[in-house]
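The chain contents come next:
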Amino acid sequence: MITTRCDRTLAWTALAGHFVAHGREFDLREAFARDAQRFGRFALQAPEVFADLSKNRWDLATRKLLLDLARECGVFERRDAMFAGEPINVTEGRAVLHTALRAPKGAATPFNAEVHEVLDAMLGFADSVRDPGRGITDVVNIGIGGSDLGPQMVVPALDAHVTRDIRFHFVSNVDGHDIEPVLRQLHPQHTLFVVASKTFTTQETMANAHVARDWFLSQRGQHVERHFVATTTNVEAAARFGIETTFGFWDWVGGRYSLWSAIGLPVAIALGSAGFRELLAGAHAMDRHFADATPEFNLPLQLGLLDVWYRNFHRFTSRCVAPYHQGLRRFPAYLQQLEMESNGKGVDLAGEALPFGTSPVVWGEPGTNGQHAFFQMLHQGSDVVPVEFILVKTPSHGHAGLHHKLLANGLAQSQALMLGKTVEQAMQERAPTASPTLDAATVARHRSFPGNRPSTTFVLDALTPRALGALIALYEHRVFASGAVWGIDSFDQWGVELGKALAGDLLPRLESGDASGLDGSTAGLLAKLAGPT
Ligand code: F6P
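Residues numbered from 1 in each chain as written. Predicted model: local features only at pLDDT ≥ 70, side-chain atom pairs only at ≥ 80, totals over all residues. Heavy atoms only, no water.

1. Here's the deal with the overall build of the protein chain
Right, so step 1: Check the secondary structure of the protein chain and you find 21 helices and eleven strands.
Right, so step 2: On C-alpha atoms alone, the protein chain measures out to a radius of gyration of 25 Å, which is about the 24 Å that the 2.2 N^0.38 rule sets for 533 residues.
Right, so step 3: C-alpha extents for the protein chain along the principal axes are approximately 75 × 60 × 60 Å.
Right, so step 4: Counting every position in the protein chain, which comprises 533 residues, the buried fraction comes to 53%.
Right, so step 5: Intrachain contacts of the protein chain at a sequence separation of at least 6 include 74% that bridge at least 24 residues.
Right, so step 6: If you sum the accessible surface of the protein chain, you get close to 22900 Å²; carbon and sulfur atoms cover 55% of it. (Helix = DSSP H or I, 4+ residues; strand = E, 2+ residues; numbered from the N terminus. Rg over C-alpha atoms; globule rule 2.2 N^0.38 Å. Buried < 20%, exposed > 50% of the residue type's maximum accessible area, 1.4 Å probe, protein only. Contact = heavy atoms within 4.5 Å. Areas by Shrake-Rupley, 256 points an atom, 1.4 Å probe, with all protein chains shown as cover.)

2. With respect to the nonpolar core
Right, so step 1: Membership of the largest hydrophobic core comes to 116 residues, with the highest contact counts inside it found for Leu69, Phe331 and Leu468.
Right, so step 2: Among the elements that make up this core, the one with the highest residue count is helix H19 (residues 465–486) (14 residues).
Right, so step 3: Ignoring anything within four residues of it in the chain, the contact list for Phe331 reads Met153, Val321, Pro323, Ile390, Leu471, Ile472 and Tyr475.
Right, so step 4: Val195, Met206, Ala212 and Ala237 belong to the second largest nonpolar core, which has 22 residues in total. (Core = buried A, V, L, I, M, F, W, Y, C linked by side-chain atoms within 4.5 Å.)

3. Quick word on the sheet that holds strand E11 (residues 455–462)
Right, so step 1: The mixed open sheet is built from six strands, whose spatial order is E1-E2-E11-E10-E8-E9. Looking along the sheet, the strands with just one partner apiece sit at the ends: strand E1 (43–46) and strand E9 (361–364). Between one strand and the next, the sheet's axes are offset by a mean angle of 20°, whatever the strand orientation. (Pairing = 2+ DSSP bridges. Axes fitted to C-alpha atoms, helices over the stretch in contact; angles between N-to-C directions.)

4. Structural notes on the pairing of strand E8 (residues 318–324)
Right, so step 1: The element E8 is largely enclosed, with a buried count of seven among its seven residues.
Right, so step 2: Sheet topology places E8 next to E9; four bridges connect them, and they run parallel. Directly across from Arg319, in E9, lies its bridge partner Val362.
Right, so step 3: Two elements, E8 and strand E10 (residues 387–394), share five bridges in a ladder whose sense is parallel. Within the sheet, the bridge partner assigned to Tyr324 lies in E10 and is Leu391.

5. Remarks on the packing of helix H5 (residues 75–84) against helix H12 (residues 265–292)
Right, so step 1: At a minimum axis separation of 10 Å, H5 and H12 run at an interaxial angle of 140°. Relative to H12, the element H5 is oriented oblique. In this structure, H5 uses Arg79, Met82 and Phe83 to contact H12, whose residues at the interface are Asp287, Phe290 and Ala291. (Parallel < 35°, antiparallel > 145°, perpendicular 65-115°, else oblique.)

6. Focus on the packing of aromatic side chains
Right, so step 1: Tallied over the entire structure, the rule returns 26 aromatic pairs.
Right, so step 2: Ring geometry for Phe458 versus Tyr475: centroids 6.0 Å apart, planes at 75°, classification edge-to-face. Of this pair, Phe458 sits in strand E11 while Tyr475 sits in helix H19, and the two are 17 residues apart along the sequence. Of the two residues examined, Phe458 and Tyr475, each falls in the buried class.
Right, so step 3: Their ring planes at 40° and their centres at 6.3 Å tell us that Phe480 and Phe491 sit as a pair that is tilted. Of this pair, Phe480 sits in helix H19 while Phe491 is found in the loop between H19 and helix H20 (497–512), placing the two residues eleven residues apart along the sequence. Accessibility assignment for this pair places Phe480 and Phe491 in one class, buried.
Right, so step 4: Feature note: the residues Phe193, Phe200, Trp215, Phe216, Phe228 and Phe241 constitute an aromatic cluster, connected by ring pairs.
Right, so step 5: The ring of Trp260 has Arg102 sitting right over it, with the charged end atom 4.6 Å from the ring centre.
Right, so step 6: Between the NZ or CZ atom of Arg213 and the centre of the ring of Phe241, over which it lies, the distance is 4.3 Å. (Phe/Tyr/Trp six-rings, centres within 6.5 Å; stacked < 30°, edge-to-face > 60°. Lys NZ or Arg CZ within 6 Å of the ring centre and 35° of its normal.)

Read these as spatial facts, not as claims about activity.
Now the structure itself:
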């Protein structure tokens with residue numbers, strides 16, 4: 001489905017005019033002063049996730065024009081085509097159906113029977129691994145990208161819901177420094193290795209899987225087939241590796257959307273089948289919201305449109321995600337693959353070069369740690385970076401004092417970004433640590449904050465499996481929405497291929513030292529690195 005390119009629509013032209021008239025100079029402080037109802041006007045409640053969008057540089061007219069843009073760009077038709085299983089991943093000729101993985105049994109969704117057959121088998125296996133009689137104390141997931149980041153992010157995020165009887169390890173990098181410290185902690189007879197790879201050909205994963213199997217045998221491990229399982233669409237390749245227990249999935253599940261499939265096996269072992277079903281249920285609730293909520297109340301849609309507004313009109317190039325929950329420490333990394341691998345594209349569906357920006361750089365760290373590192377730049381740096389705060393009302397620990405400090409800091413950061421501090425205000429303050437030899441006005445200029453820096457705050461009641469499922473699905477659909485406006489294929493990833501091919505060429509050269517035909521820099525570096533390690 002090819003629609004009018006977004007920058008050729010009437011809405012885009014109207015947005016460009018609106019930006020010049022009301023967007024460029026938009027001031028959040030004035031907006032709140034003008035409108036006592038602003039918080040309520042830009043607050044949205046989606047399943048499990050409340051969002052305050054009021055500290056963003058937009059007004060009702062901006063939102064209306066962005067919704068017009070979505071209509072003109074065919075976002076709703078594209079969304080419906082995704083849910084219906086049409087091959088919207090045009091460059092690979094595939095459907096995009098991660099939503100089908102979390103639809104309840106019996107739902108009228110594509111592949112429902114197949115999905116639940118594998119899900120039931122996978123969850124039955126997960127519960128059997130949790131059975132103390134099985135003797136498994138360590139589960140090692142070997143995978144990379146989408147076959148790693150989801151489980152690696154979710155297991156610590158839901159720590160309060162995770163079995164205490166099993167330790168979970170994640171090995172991804174083709175670097176012995178990753179697998180070696182994990183192997184050191186294991187006993188072969190008490191370990192289950194999950195080889196997770198959609199294709200079962202990924203160099204890193206295959207190399208690590210072989211290292212793990214060699215280690216297992218060298219430690220006199222018995223019954224490889226009971227200690228290695230695979231989660232993959234390539235069941236035959238897993239069998240060739242010697243794995244008898246395989247949980248499959250399908251080519252219509254993109255790697256970065258595969259957490260909900262058999263790739264979620266470590267999560268299912270960690271949470272148990274009931275917990276994994278809750279994760280799916282939360283994501284499904286968000287799917288229904290994205291599919292059914294009217295545009296004016298549709299949170300993923302509005303987030304995606306805000307991303308377009310910031311990227312293409314304000315020309316902000318990055319977005320920071322700051323979860324105020326230590327369990328979500330890998331969430332920014334997870335989102336990097338989700339968003340940047342999906343929307344980091346430079347051509348439209350027809351392969352024509354795009355004259356506008358697409359995916360921003362997504363980055364972040366949990367608060368309050370980030371406050372003591374990069375928040376300086378967010379407050380006083382020369383670039384404006386919209387920030388997303390994720391706050392969780394009820395912690396899963398009993399340290400209420402700590403939690404209130406955490407929440408107070410999260411709120412304060414979003415407040416400070418918006419309010420800023422004028423030079424005059426700074427002049428009124430004492431600055432005991434400022435140099436006594438500097439005059440007060442100079443110190444005040446250093447201590448002033450421009451403010452008017454935008455942020456979104458998400459509030460979850462608690463970080464439960466259901467809430468996390470909804471939160472992840474929220475981000476998936478928001479990435480979909482901006483990608484649909486830009487008219488790109490958000491579900492392919494051709495950009496990862498060139499490096500893979502070149503690494504294949506360089507591998508034997510590292511042994512031989514042969515630099516013939518290489519560019520000068522690569523040849524020079526090869527000369528430094530080649531030879532025995
Ligand atoms: O980095 C490219 C990529 O294809 C990702 O999209 C994917 O998640 C990752 O590699 C792992 O692929 P596989 O699951 O096939 O091993």
